[in-house]
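# Examining the three-dimensional arrangement
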Amino acid sequence: MRVAVIGVGHVGLVSAACLARWGHDVVGMDDDSAKIETLRSGTMPFHEPGLAELVDEGVAEGRLTFTDDLTAALDGAAAAFVCVGTPSLPGGAPNLSYVERVGREAAVHATDSLVLIEKSTVPANTGVRLQQVIAREQARAGHEVHVEVASNPEFLREGSAVEDTLYPDRIVIGAGSERAGEVVRAIYEPLLAEHDVPVIQTDLQTAELIKHASNGFLAMKISFINAVAHICDAVGADVEAVADGMGYDHRIGRSFLHAGLGWGGSCLVGEETVLVRRDGAPRHMTIADFWAHVTEHGLDGWEVLAWHPERRRPEYLPVGAATARPYQSDLIEVRTKTGRRLRCTTDHPFVVGDGATVATTVKLAEELTTTDWLPLACGRQTPDFPDPVAVSTLAAVGAGKVSEGDVIQRLDPAQVDEVRERAAAIPTPRRYDVLRNGTIRLDESRGLGHLPPGGTYGTATNGTYVPDLVPLDEDFWRMIGLFLAEGHVSTDGRRMRVSWSFHPTDEGDLVEFVHAYWEQQGVKVSNYRAPTAANVSISSRLLASWFIDVLELGADAYTKRVPDLIWDAPYEHKRALLRGLWDGDGSWSLVNDGPSVILEYGTVSPMLADGILRLLSDLGFVASLRVGRTAKSTVDTYWIRLSGADQIEAALWLFPPGEAAEIQANIGRQSKRIAPTGHRWLGDGSTWVRVTETRREHFDGLVYSLEVPDAHTIVTTGGLVTHNCFPKDVDAFVHLASSVGYEFKLLEEVRAINLGQLDHVMHLLASELWHLEGKTVTLLGAAFKPGTDDLRNAPAIDLAHRLLEAGADVRIYDPVATSGVKEVLPDVEVFEEPVAACTGAHAVVVCTEWDEIRQLEPHDLVAALAYPVLIDGRNVFDPAAMVAAGLAYHSIGRPVPGRDPA
């Protein structure tokens, strides 16, 4: 069968590849021409295990092609899967304009009888509306090709989408006609012939709802067990044993009752950064890079820099879970007065304060206003374990372009003596050369076993040699700072150079410093002057590889980043690195001719800018960030700025004594020092930045989440603190959770939904009776469930209070809870017989599913009631029988004959 797949995002591309595997002639269509060209070139637009091989197979065998022309895709197609995005509108409703557009195009461009199959996640009745759009477009255009809508929702998990499609646990088909259902089923016949897969065939609306209900229920189960895990921690219980005990209940089941990975609600974009640590080794990376690492190597042992809301300081804490999921909807960019920005889903939570007190709350991104302040990780403590005193340049061997066989070791006298004693292990032709020249290949040296430390290493006989160990002192870090500001690594064939380029005349002291530093390490270093720069250069593949592959400093201005060795280094070393940065490319200037001063550093590397902001925060400074483009630039520049007299005065070590004195003189002329408006330090030592704006934008890609069970926060880009992606949090359990210090959001939400049902009943009554003042309403059943007289948490009691407040007269019938009702509701009339309770009433509401109520005859109710209005809150009656008897009957979630869906 020829099948079109419209929209080749995550769902569409996986579906297209699997359909081709089953032998269909598949064309994948997307109006993103760049994505189509990428696919045609054999490159996947995203990573999904097994997908690339499946796509390559389909393309190679001629069963899978790609186009950006919808008309061409529909030409000759018997079916077309709609896999376009349905992003959220500002109010939360899905944007169905892309789905509608496909319907309009299919209506006039289909060349043969076509079944248009919904794969996108859409609300119920979308198929019905889409069918109306198609009919109207065809009537307008005079196009008579039969086009019918069907639904075939996807149940794919990112990371196993191919397997989920090839080996599904069920296939859901929603169709308005037998023919449409047969076409969809025929598509899956190759699969059904090989595997016994349940097929659920129903109407369009039900199929659409199966998808939403499945997602919602799985999310609820996962969030629930994660919330239970917090309580288990507090009381000493075992969450896995709790889950096992729950899972043996066949009504619940064990699947998805696994504490840890969240269900993927609120999340951050992959470009946001984190500071993570494992085995004492910190790493500064994007969330996307961290996710790629943990998916390959596992999550065990990883910690992330977090901010504890009670201790109010940044600290490393264990990562409990990491998740990623595809997302097609709106993002919110949260902007602060200091220029820090964070992009996240609209429902992502933040720890929020008022900037004046220590009180905090949690708000969603879409709820943030300019009165909110967010915590900033500032003043981080030096870790307990000691800072390494030296780092080995030989770590570059095997890490990049240098192998053991490339490296020559120049032996010092002690090493020569040791080699002479072991010379028998060296083959005769080489033994003489090694002892005569005092040099040996690194692979030969390591083959002899451990030698005394020392010697130098290079990759060419007459080339530059560097020591094995380079001391990590303040001069080292200042040299690194100067490289980040003014350095680069160049490659010419196998030859590599590490270079620093300074002002040709004004930075002679920096040229001298770098030159002297490397001379002290015994490294051959060259100075040469160009028309626009004074250069310091070291020609060494080993050193260049060490800079790029071990220290990961970056080769050019666009890839520069702060080395991970600095994160847990002493404050003095962090200051030395920042001093090198400012020596090389930092500046200071007067604000409006003084006396106020601002310090500024600019870079085109976002990772370097993020690192500088974090380092300054570690030292107790709150810098601001400004992003923009200079004239003729094609990339953004990130300006890190320090302002405020107190901060400037505390940062004078960034400058040589003469400049520092000049800055101090300007600050000294200020008549008063104005408190900053964008950030505040509170008395408890915490630092806060003010929200200035939130901006919405559409996003189509992966979003990521990290969970920290202890603090429920992470420190992300620029040191900004954000809350974890918590579960959306029944009274006894809520009280228990509160008593052990956990705010059980999930159960609070369940309670809110429950109360919302009462709002729905009140709305139905008002719609039938116009107003409730002076009306009589009978409640059939009072106990919270049949078989008991317990009125605690009974919906009937709350509903009775609402009706009384609205001015209605309330009657209640319950076969066993009569005495209790009289006690808690003295203003209602209590009956011992249901028909008597209904006699003369304007409406009746079923609140408890007692057998005595189930057995009522509809004609008896019609005869008794003043107005024939029945709200069936427990779905105990047959709708058709109720309507046939003449009742204005309302059910909960069930269709009523003769009544159009709301």
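Above this note sits the structure.
Rules and cut-offs
Residues numbered from 1 in each chain as written. Predicted model: local features only at pLDDT ≥ 70, side-chain atom pairs only at ≥ 80, totals over all residues. Heavy atoms only, no water. Helix = DSSP H or I, 4+ residues; strand = E, 2+ residues; numbered from the N terminus. Buried < 20%, exposed > 50% of the residue type's maximum accessible area, 1.4 Å probe, protein only. Areas by Shrake-Rupley, 256 points an atom, 1.4 Å probe, with all protein chains shown as cover. Expected span 1.5 Å × (residues − 1). Arc of directions from axis to C-beta. Axes fitted to C-alpha atoms, helices over the stretch in contact; angles between N-to-C directions. Parallel < 35°, antiparallel > 145°, perpendicular 65-115°, else oblique. Left-handed = near helix turned anticlockwise from the far one by under 90°. Contact = heavy atoms within 4.5 Å. Nonpolar A, V, L, I, M, F, W, Y, C, P; charged D, E, K, R; others polar. Pairing = 2+ DSSP bridges. Salt bridge = Lys/Arg side-chain N within 4 Å of Asp/Glu carboxyl O. Core = buried A, V, L, I, M, F, W, Y, C linked by side-chain atoms within 4.5 Å. Patch = residues over 30% accessible without salt bridge, like charges linked within 9 Å, V, L, I, M, F, W, Y side chains within 5 Å. Lys, Arg positive; Asp, Glu negative; His and termini not counted. Charge placed at Lys NZ, Arg CZ, Asp CG, Glu CD. 1 Å grid on protein atoms, 1.4 Å probe; cavity = no way out; pocket = protein on both sides within 12 Å on 5 of 7 lines; lining within 4 Å. Points joined across faces, edges and corners; volume = space filled by probe spheres on them. Phe/Tyr/Trp six-rings, centres within 6.5 Å; stacked < 30°, edge-to-face > 60°. Lys NZ or Arg CZ within 6 Å of the ring centre and 35° of its normal.

The next point concerns the overall build of the protein. Helix and strand content of the protein: 30 helices and 42 strands. For the protein, with 902 residues in total, the buried portion stands at 50%. Taken as a whole, the protein presents about 40000 Å² of accessible surface, with 51% of it coming from carbon and sulfur.

This part covers helix α6 (residues 126-141). Taking 1.5 Å of rise per residue, 16 residues should cover 22 Å, and α6 covers 22 Å from first to last C-alpha, within 8% of that figure. For α6, every residue scored as buried is listed here: T126, G127, L130, V133, I134, E137 and Q138. Buried residues in α6, looked at end-on, bunch into an arc of 125°, giving them a common side. Away from its buried face by more than 90 degrees, α6 exposes R129, R136, A139 and R140.

For the rest of this paragraph, the subject is the packing of helix α19 (residues 571-585) against helix α20 (residues 606-618). The interhelical angle for the contact between α19 and α20, taken along N-to-C directions, is 135°, at an axis separation of 10 Å. One way to sum up the angle between α19 and α20 is to call them oblique. Viewed along their axes, α19 and α20 form a crossing whose handedness is left-handed. Along the contact surface, α19 presents Y571, K574, L577, L578, L581 and W582, while α20 presents I612, L615, L616 and D618. Its residues assigned to classes, the contact of α19 with α20 comprises eight nonpolar, no polar and two charged.

With that out of the way, let us pick up the pairing of strand β5 (residues 114-118). Taking burial as the measure, the five residues of β5 include five buried ones, the bulk of the element. Here β5 shows two buried faces, one formed by L114, L116 and E118 and the other by V115 and I117. When strand β4 (residues 79-82) meets β5, the two strands line up parallel, connected through four bridges. Bridge assignment links V82 to a residue of β5, and that residue is E118. Two strands pair when backbone bridges link them, and β5 and strand β6 (residues 147-151) are joined in this way by five bridges, in the parallel orientation. Paired with I117 across the two strands is A150, which belongs to β6.

This part is about the pattern of salt bridges. By the definition in use, this model includes 36 salt bridges. Between R63 and E61 there is a salt bridge, and its shortest N-O distance comes to 2.2 Å. Given the relative accessible area of 19%, R63 is considered buried. On the accessibility criterion, E61 (47% relative accessible area) is partly exposed. Residues E600 and R626 are paired through a salt bridge, measuring 3.4 Å at the closest nitrogen-oxygen approach.

The next point concerns helix α1 (residues 10-21). For α1, built from 12 residues, the straight-helix expectation of 16 Å at 1.5 Å per residue is met to within 8% by its first-to-last C-alpha distance of 17 Å. Among the 12 residues of α1, 10 are classified as buried, and the element is accordingly described as predominantly covered. Just past α1, the residue G23 takes up positive phi, approximately 100°.

Quick look at the nonpolar core now. The nonpolar side chains of a soluble globular protein tend to be buried, and buried together. In this structure, F476, I480, W500, W518, W546, F547 and L599 are the most contacted members of the largest nonpolar core, which totals 89 residues. With eight residues, helix α16 (residues 474-486) is the largest single contributor of residues to this core. Not counting the four nearest positions on each side in its chain, W546 is found in contact with V391, S392, T393, A396, V470, F476, W518, L551 and E552. Within the second largest apolar cluster, 40 residues are counted, among which are I36, L51, V115 and I187.

Time to look at the environment of Y98. When you line up the elements, Y98 lands in helix α5 (residues 97-109). Of the residues examined, Y98 reaches a relative accessible area of 37% and is grouped as partly exposed. Put simply, Y98 and G85 are 13 residues apart on the chain and 6.8 Å apart in space, counted from C-alpha to C-alpha.

Attention now goes to the sheet that holds strand β39 (residues 829-831). In space, the six strands of this open sheet follow the order β39-β38-β37-β40-β41-β42, with parallel pairing throughout. Two strands in the sheet have a free side with no partner beyond their single neighbour: β39 and β42 (888-890). Averaged over all pairs of adjacent strands, the angle between strand axes in this sheet comes to 20°, irrespective of strand direction. The sheet contact formed by strand β37 (residues 776-780) and strand β38 (residues 809-813) spans five bridges and is parallel. Bridge assignment links T776 to a residue of β38, and that residue is D809. Across the face of the sheet, helix α25 (residues 795-805) comes into contact with β37, β38 and β40 (843-846) while running at roughly 175° to β37.

A separate point is a negative patch on the surface. A cluster of like negative charges, contributed by D473, E474, D475 and E572, occupies part of the molecular surface. The residue E474 is located in helix α16 in this model. When its relative accessible area of 45% is taken as the criterion, E474 is described as partly exposed.

What follows concerns empty space enclosed by the protein. Over the atoms rolls a probe the size of a water molecule, and in doing so it shows where empty space is left. Roughly 60 Å³ of internal volume is contained in the largest cavity. Contributing to the lining of the largest cavity are L275, L305, P314, A377, C378, R380, W567, R614, S617, D618, V715 and G719. The element that contributes the greatest number of residues to the lining of the largest cavity is α20, accounting for three residues. Classifying every residue of the lining of the largest cavity gives seven nonpolar, two polar and three charged. There is about 40 Å³ of room inside the second largest cavity. Here the lining of the second largest cavity is built from residues that sort into two nonpolar, three polar and four charged.

Moving on, we get to the sheet that holds strand β32 (residues 637-642). Taken in spatial order, the four strands line up as β29-β30-β32-β31 in an open sheet, and their pairing is antiparallel. A strand with exactly one partner marks an edge of an open sheet, and here the two such strands are β29 (586-590) and β31 (624-628). Pairs of neighbouring strands in the sheet enclose a mean axial angle of 30°, with direction left out of account. Two strands pair when backbone bridges link them, and β31 and β32 are joined in this way by five bridges, in the antiparallel orientation. Bridge pairing in β32 links G628 to T637.

Before going further, it helps to spend a moment on the packing of aromatic side chains. The final tally for this structure, using the stated rule, is 14 aromatic pairs. An angle of 85° between the planes, with centres 5.1 Å apart, marks the rings of Y517 and W518 as edge-to-face. For Y517, a relative accessible area of 2% gives the class buried. With relative accessibility at 0%, the residue W518 sits in the buried group. These aromatic residues form a ring-pair network of at least three members: F476, W477, F483, W500, Y517, W518, W546 and F547. One residue, R410, lies across the ring of Y465, its end atom 3.8 Å from the ring centre. The cationic tip of R626 hangs over the ring face of W639; the distance from NZ or CZ to the ring centre is 4.5 Å.

No statement about biological role is implied by the geometric values presented.
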